[in-house]
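# Close look at the chain arrangement
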Amino acid sequence: VAKFRASRRMWYKIMSERFGAKKESSKLLRFHTQTGGSTLTAQQPLNNIVRVAVQSLAAVLGGTQSLHTNGYDEALSLPTEEAARIALRTQQIIGYESGVADTPDPLAGSYFIENLTDEVERLAWEYIARIDEMGGAVDGIEAGFQQDEIEQAAYDYARSIDNDERVIVGVNKFNIGQEPEPKVFPIDPQLQVNQIASLKKFKAERDQALVAAKLEDLKTAARGTDNLLYPMKEALRANATLGEVSDALREIFGTYQPGR
């Protein structure tokens, strides 16, 4: 909740002062939230229903405009129909039963929430200042700063679980000896065979010369400073695949490789 509240304040300030936005609507942060798939556990997967519910409630209390809820079995497979339905019902219970969506910023004024919001914002501005001192986001990426911070945070999180500083219910505490075999989404290998055949047929029946010409137009635009969205749309209209469009751009721009 504090993270989202801090983000809105920072967005308003950045859009107003750094970018000089004129329209008030440009200064309003609109964002989508997805519950944390990385927090779902393969052990005791039904516990993930509670995790998703808590995360979803936090997102709504923080003011998200759009929300996706993960299926409880996504640590094991694609979500089954049952898991997808429970994920949907989680949103519907929060939206239609709980009443929390009836009030904007319902936790405003709480000492803890206000204090935590200020602290999150303060630390976020520190990160922005550090990146600005490097010359900006691109220079930071080339120096490996963001990647190092992400990797260190991931390592610290995993280590905190391994040494029991952080409790993950059903994983390093409150686990059970023999878990029942979970129901997982069945994958039919024939689907892959059928999809490959369908793609080959699709490519064989399109105008290959037109596709090649549109992809070349895209490469030409990528070499200069033109808006790439227009030639990308034209290539897709000519039935170029997403992979072919991506390959055309990779041919010009290359593929980013971390410096270390």
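Check the entry above for the structure.
So, here's what we can say about the structure. (Residues numbered from 1 in each chain as written. Predicted model: local features only at pLDDT ≥ 70, side-chain atom pairs only at ≥ 80, totals over all residues. Heavy atoms only, no water.)

## Description of empty space enclosed by the protein
Tallying each qualifying case throughout the model produces one cavity of 30 Å³ or more. Its boundaries defined by the atoms lining it, the largest cavity holds a volume of some 30 Å³. Around the largest cavity, the lining residues are Asn48, Ile49, Val52, Asn70, Gly71, Tyr72, Ile86, Ala87 and Thr90. Only α2 (47-61) and α3 (81-98) provide two or more residues apiece to the lining of the largest cavity. Partitioned by chemical class, the residues of the lining of the largest cavity number five nonpolar, four polar and no charged. (1 Å grid on protein atoms, 1.4 Å probe; cavity = no way out; pocket = protein on both sides within 12 Å on 5 of 7 lines; lining within 4 Å. Points joined across faces, edges and corners; volume = space filled by probe spheres on them. Helix = DSSP H or I, 4+ residues; strand = E, 2+ residues; numbered from the N terminus. Nonpolar A, V, L, I, M, F, W, Y, C, P; charged D, E, K, R; others polar.)

## Side note on the side chain of Thr90
Position of Thr90 relative to the elements: it lies in helix α3. Within the local environment of Thr90, its side chain forms a polar contact with the backbone oxygen of Ile86, the two atoms lying 2.8 Å apart. The contacts of Thr90, once residues within four sequence positions are left out, are Ala53 and Ser56. (Polar contact = N/O pair within 3.5 Å; in protein donor to acceptor, adjacent residues only side chain to side chain. Contact = heavy atoms within 4.5 Å.)

## Description of the layout of surface pockets
Approximately 700 Å³ is the volume attributed to the largest pocket. Considering the residues around the largest pocket, the lining is formed by 25 residues, among which Gly36, Thr39, Arg51, Gln55 and Tyr157 are closest to the centre. At the level of secondary structure, the elements contributing two or more residues to the lining of the largest pocket comprise α1 (2-18), β1 (32-34), α2 and α6 (145-162). Ranked by residue count, the leading element in the lining of the largest pocket is α2, at seven residues. By volume, the second largest pocket is sized at about 220 Å³. As for the second largest pocket, its lining consists of 13 residues, of which Pro45, Leu46, Glu181, Pro182 and Lys183 are closest to the centre. A class-by-class count of the residues in the lining of the second largest pocket yields seven nonpolar, one polar and five charged.

## So, the side chain of Ser77
By the secondary structure assignment, Ser77 is in the loop between β2 (66-68) and α3. Here Phe185 takes part through its backbone nitrogen, which lies 3.3 Å from a polar atom of the side chain of Ser77. Once residues within four sequence positions are removed from consideration, Ser77 is found in contact with Val184 and Phe185.

## Observations regarding the pattern of salt bridges
Across all of its chains, the model carries 18 salt bridges by this definition. Here Arg18 makes a salt bridge to Asp132, at a shortest N to O gap of 2.7 Å. Here Asp132 lies in helix α4 (residues 111-134) and Arg18 lies in helix α1, a separation of 114 residues in the sequence. Since its relative accessible area comes to 36%, Asp132 is described here as partly exposed. Residues Glu126 and Arg122 are paired through a salt bridge, measuring 2.8 Å at the closest nitrogen-oxygen approach. Of the two residues, Glu126 and Arg122 are both situated in helix α4; the distance of four residues between them amounts to about one turn of the helix. The class of Glu126 is partly exposed, set by a relative accessible area of 40%. (Salt bridge = Lys/Arg side-chain N within 4 Å of Asp/Glu carboxyl O. Buried < 20%, exposed > 50% of the residue type's maximum accessible area, 1.4 Å probe, protein only.)

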